[in-house]
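Chain by chain, the residues:
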Amino acid sequence: MSLGVEEPASAEPDRPTAIGGSTRFVPGQSHDRITVVNGKVQLGQRLVDLWRNRDLLVLLTRTELKIKYKQSVLGYAWSMLNPALVLGIYYVIFKVISKTTQPHFAIWLFCGLIAWNLFNASAMSSTTVVVGKAGIIKKVAFPRELLALSTVAVALVLFVIQLVVLVVFLLAFQLAPDWPALSLLPLAVLALIVFSGAVAVFLSAVTVYLRDTQHLAEVFLMAWFWGTPIVYSFGMIEPHLARWHLTWIYLANPIAPIAMSFQRAIYGQTSYTDAAGVHTLLPSWGLGGYALMLSAILIVSIVLFLGALVVFGRLEGNFAEEL
Amino acid sequence: MTAAIQIRDISKQFRLYSEKHTSLKERVIHGGKMPFTPFWALRDVSVDIEQGETFGILGRNGCGKSTLLKCVAGILKPTSGEIRVRGSLAAMLELGAGFQPDLSGRDNIFLNGSLLGLSHNEIAKRFDEIVAFAELEDFIDNQVKFYSSGMYVRLGFAVAVNVDPDVLLVDEVLAVGDAAFQRKCLDHVKRLQREGRTIVVVSHATDTMRQNCQRVMVMKQGQVITIDEPGEGIRVFLADLLGVGAAEPGKDGSIRGNVLAIGAVHAEHGGSGERMHLYPGESLTVTADIDALASVPGAMATIAIHDDAHELVFASDPDDPIAAVDVPEGGGIVRFHFPEVPLLDGTYSVSVGIRSTTDTAVFDWKDQVTKFEVANPTRSTGKVRLPLDVSFRLRGSATTGEVPAVTSEPAVLAGWEEPSA
């Protein structure tokens, strides 16, 4: 709730002075800060509060990781089990059963999955985080958005681990990424984080009022996954999309261009040739085209994030009662 | 003085749902309609709490005092109105709120401190102090789930008070730990008071209020009944709680109906004139001067006795017909007579009240206006001299052979009378 509007406090000559003690009560400084609690908290103030409490975000994230993975190497290895299984299953289905001829198909899969996992993990855990931390919310005042953001941070940590595994894969297969295209990655990751944050903040607040959001989100995310070029390639379905003029609607899914940027940068190849001819994997935009796409997504994500904060702020007021 | 907390027209409405739909499925099925009864937990509460003041909020369960505290803390959002808090604030609504059982004490100190608004560096600076205060040096790296409830609460208190807030909100949590730790907590609170910090305490323990607070606010059904110095505030609260008369908030927050007023109150006992104290079992007479602006037929006189720890020892039945007195215009003297006071050592204070029978107005209540002292000459100890018989008989005999041993009848006491008597 509102650790609200800060105002410049008037000078006060009559403040009590400290008595004894070294770390005690120094008049002035932050002690003159005025906090206002009322119905409305301005968006700007929310952002300031979030920034002020960044230490708390780090701690909440660390707490979550500690509880989940017990701070052990084995614990983190365990966290890789799920992504590894997913990767394995799709690999078996497409390589062994449907006999795709795409070279290094595992790497291709991994590039898209790693981006998707960040989004998916933060969205899924954001649906339980506020309800799960009801004890804290009812008794302590702090910017509650941090709970949602901590799910993104946790997902980000797992993302980094997966990225390391991916690099190991590249070394093992002796594959080089597309070096110039790698410059797209920071922008892609940033856009992905901001977009995931927007979704997480929104979902975490809505779940308090509609507890079945969790299950709806699960189904919705599954559909979303298949609407994103991860297992298949954008080049594969583009002709079909173009026939119905759906290409841009398809690309309006922010995860799609982000995943494609990952594939472009790490997998590197935009097409491959087999006995049947040339297969396009990725559109032949220049790197500038990708960068433009990603910038647009980043801007939209920032707007969505601010919108999510506003929605969160409206719903948050009654958290302590609803939980 | 500047106000540390300004509370302006705070109202808080809760919605009581007969049936709550918490999922989209249910909402769709019921067409999105959710009938509810509005319940006002707080209604237009306004108060300024000064900097450096220790302010008490008294009230029965469900009067809205905790809700108000949560609004000040920023946990609940008021339906209307505004609260301004100057400086940093820490709320102790529940000790150890937000502790993660799976984390060590060390990690929990950092997490809890952060939740209360400290930065990582600030916590690191105070870490040793917190651990020492909680007396948990040996267990700080153990998981909190293996802590005893006492250790848990101690750690929670240690973190909360070491946050060094300008404003500290306390909700009936001071009674934690063993006696030694309790004293430590109280000492710490006293130090915070001396340092000029603002403390808001919510409780229904009147003695804590009397000892610690400069002002007390009494609440009832979400409204402020009175804001006054502790003696007066506690009088109003007790008057309400003990059924001496339900105090209604008047226009100026005072108790209405001052037709009758209590003047001088005197206590006389069996030894009056000769000695200052009375012996257990002696009589006590309390007289109270009543001034009356008009004649009041059937006013009810009540009396209460507290010990020196401000614990209530006795309060007369407010509806007992023997307490009914017809007060003529001009007034008179009410006499309360206890034929026997079976109390043991101590200083006791007497409170006297008078209220109307026809409605619930309290005319007047003098809180702890006079004192009397009881000195116990025997070696029995405790609070009350219970009438006691001790007898002895031989095992074999059924009914005969009773040997009276000791009786604590006044006859025994008579031997202890003053040598001069």
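Residues numbered from 1 in each chain as written. Chains lettered and ligands numbered in written order. Predicted model: local features only at pLDDT ≥ 70, side-chain atom pairs only at ≥ 80, totals over all residues.

### Things to note about the overall build of chain A
A tally of regular secondary structure across chain A gives 14 helices and 3 strands. Counting over 323 residues, chain A shows a buried share of 37%. In chain A, the proportion of contacts linking residues at least 24 apart, taken out of those at least 6 apart, comes to 84%. (Helix = DSSP H or I, 4+ residues; strand = E, 2+ residues; numbered from the N terminus. Buried ≥ 20, exposed ≤ 12 C-beta atoms within 10 Å, placed from the backbone. Contact = placed C-beta atoms within 7 Å.)

### Here's the deal with helix α2 (residues 54-69) of chain A
The terminal C-alpha atoms of α2(A), which comprises 16 residues, lie 22 Å apart, in line with the 22 Å expected from a rise of 1.5 Å per residue. Within the sequence span of α2(A), burial applies to Leu56(A), Leu57(A), Leu59(A), Leu60(A), Thr61(A) and Thr63(A). On its buried face, α2(A) sits against α7 (145-173) of chain A together with α3 (105-115) of chain B. Remark: Lys70(A) follows α2(A) within two positions and exhibits a positive phi of approximately 50°. (Expected span 1.5 Å × (residues − 1).)

### A closer look at unusual backbone geometry
All names here are of chain A. Its identity is not glycine, yet His104 carries a phi of approximately 50°, on the positive side. Checked against the element boundaries, His104 lands in the loop between α4 (81-97) and α5 (105-132). In this structure, Gln174 takes a positive phi of about 55° despite not being glycine. Locating Gln174 in the fold gives a position in the loop between α7 and α8 (184-209).

### Observations concerning the sheet that holds strand β2 (residues 36-50) of chain B
The strand order across the open sheet built from 4 strands is β1(A)-β4(B)-β1(B)-β2(B), with neighbouring strands paired in antiparallel fashion. Unpaired on one side and paired on the other, β1 (34-37) of chain A together with β2 of chain B mark the two borders of the sheet. Pairwise comparison of adjacent strand axes, ignoring direction, gives a mean angle of 20° for this sheet. As paired strands, strand β1 (residues 3-17) of chain B and β2(B) are joined by 11 bridges and run antiparallel to one another. Bridge pairing in β2(B) links Lys12(B) to Leu42(B). Those strands touched by helix α2 (residues 65-73) of chain B are β1 of chain A together with β1, β2 and β4 (80-86) of chain B, and its axis lies near 120° from that of β1(B). (Pairing = 2+ DSSP bridges. Axes fitted to C-alpha atoms, helices over the stretch in contact; angles between N-to-C directions.)

### Digging into the sheet that holds strand β10 (residues 260-269) of chain B
Sheet strands pair by backbone hydrogen bonding; their relative direction is either parallel or antiparallel. All names here are of chain B. Pairing within the open sheet is antiparallel, and its 3 strands lie in the order β10-β12-β16. Both edges of this open sheet fall to β10 and β16 (332-338), since each of them pairs with a single strand only. Across the sheet, the mean angle separating the axes of adjacent strands is 20° when strand polarity is ignored.

### Observations concerning the confidence of the model for chain A
Residue and element names in this part refer to chain A. On average, residues of chain A score 83 in pLDDT, and 88% of them are at 70 or above. Taking the mean pLDDT of every element in chain A, the minimum, 72, falls on β1 and the maximum, 94, on α8. Every residue in residues 1-30 is under pLDDT 50, and counting partners more than four places away or in other chains gives 56 contacts. (pLDDT = per-residue confidence, 0-100.)

### Comments concerning the nonpolar core
Soluble globular proteins: nonpolar side chains tend toward being buried together. Ranked by size, the top nonpolar core spans 182 residues in total, and within it Leu192(A), Val201(A), Val72(B) and Leu169(B) carry the most contacts. Here this core spans two domains, and each of domain 1 (3-238) and domain 2 (257-374) of chain B adds at least three residues to it. Sequence-distant contacts of Leu169(B), defined by excluding residues within four places in its chain, comprise Leu69(B), Val72(B), Ala73(B), Leu89(B), Ala91(B), Met92(B) and Val200(B). (Core = buried A, V, L, I, M, F, W, Y, C linked by C-beta atoms within 7 Å. Domains from an automatic or database assignment.)

### Considerations on the pairing of strand β9 (residues 223-228) of chain B
Residues and elements named next belong to chain B. Strand direction decides the pairing type here: strand β8 (residues 215-220) and β9, joined by 5 bridges, are antiparallel. If you follow Lys220 over to β9, its bridge partner there is Gln223. Connecting β8 to the antiparallel partner β9 that follows it, the hairpin turn spans 2 residues, and Gln221 within it adopts a positive phi of roughly 45°.

### Observations regarding the packing of α5(A) against helix α12 (residues 255-267) of chain A
Residue and element names in this part refer to chain A. At their nearest, the axes of α5 and α12 sit 9 Å apart, and the two run at 140° to each other. Taken together, the axis directions place α5 and α12 in an arrangement best described as oblique. Helix-helix and strand crossings are classified by hand; for α5 and α12 the assignment is right-handed. Contact with α5, carried on its side by Ile107, Trp108, Cys111, Gly112, Ile114, Ala115, Trp116 and Phe119, involves Ile255, Ile258, Ala259, Phe262, Gln263, Ile266 and Tyr267 of α12 and no other residues of that element. (Parallel < 35°, antiparallel > 145°, perpendicular 65-115°, else oblique. Left-handed = near helix turned anticlockwise from the far one by under 90°.)

### Section: the domain arrangement of chain B
All names here are of chain B. Each assigned domain of chain B is listed here: domain 1 (3-238) and domain 2 (257-374). Inter-centroid distance (C-alpha atoms) of domain 1 to domain 2 is 38 Å. Contacts between the two partners involve 6 residues from domain 1 and, on the opposite side, 5 residues from domain 2. Counting only elements with at least two residues in the side of domain 1 that touches domain 2, the list comes to α7 (206-212) and α8 (230-241). Here the side of domain 1 that touches domain 2 is built from residues that sort into 1 nonpolar, 2 polar and 3 charged. (Nonpolar A, V, L, I, M, F, W, Y, C, P; charged D, E, K, R; others polar.)

### Remarks on the environment of Thr370(B)
The residue Thr370(B) is located in strand β18 (residues 362-374) in this model. Taking the C-alpha atoms as reference points, Thr370(B) and Asp141(B), separated by 229 residues in sequence, lie 55 Å from one another.

### Structural notes on α12(A)
Along its 13 residues, α12(A) runs 17 Å from first to last C-alpha, staying within 8% of the 18 Å computed at 1.5 Å per residue. Once α12(A) finishes, Gly268(A) follows within two positions and takes phi at roughly 90°, a positive value.

### Section: the environment of Lys220(B)
Residue and element names in this part refer to chain B. Summarising the element assignment, Lys220 is placed in strand β8. For the pair Lys220 and Thr79, spaced 141 residues apart in sequence, the C-alpha to C-alpha distance is 19 Å. Lys220 has contacts with Gly59, Cys63, Ile225 and Asp240, leaving out every residue within four places of it along the chain.

### Re the packing of α5(A) against helix α9 (residues 213-226) of chain A
Residues and elements named next belong to chain A. Two numbers describe how α5 lies on α9: the axes approach to 9 Å, and their chain directions differ by 165°. By the angle between their directions, the pair α5 and α9 is classed as roughly antiparallel. Crossing geometry of α5 relative to α9 is assigned as right-handed. Across the interface between the two elements, Trp116, Asn120, Ala123, Met124, Thr127 and Thr128 from α5 touch Thr213, Gln214, Ala217, Leu221 and Phe225 from α9.

### Brief notes about the confidence of the model for chain B
As a general rule, the predicted coordinates of low-pLDDT regions are not to be interpreted in detail. Residue and element names in this part refer to chain B. Looking at chain B, the pLDDT average stands at 79 and 86% of residues meet or exceed 70. Here residues 244-257 is a poorly scored stretch, pLDDT under 50, and it has 35 contacts once near neighbours within four places are set aside; other chains count. In this model, residues 408-421 is a region of pLDDT below 50 whose contacts with residues beyond four sequence positions or in other chains number 8 contacts. Scored as a complex, the prediction yields pTM 0.71 and ipTM 0.73.

### A closer look at the environment of Arg144(A)
Take Arg144(A): it is sitting in the loop between α6 (134-139) and α7. Each C-alpha atom of the pair Arg144(A) and Phe312(A) lies 8.8 Å from the other, and the pair is 168 residues apart in sequence.

### Details of the pairing of β8(B)
Residue and element names in this part refer to chain B. Here β8 lies mainly inside the structure; 5 of its 6 residues are buried. Both strand β3 (residues 54-59) and β8 contribute to a ladder of 5 bridges, which runs parallel. Paired with Gly56 across the strands is Val216, a residue of β8.

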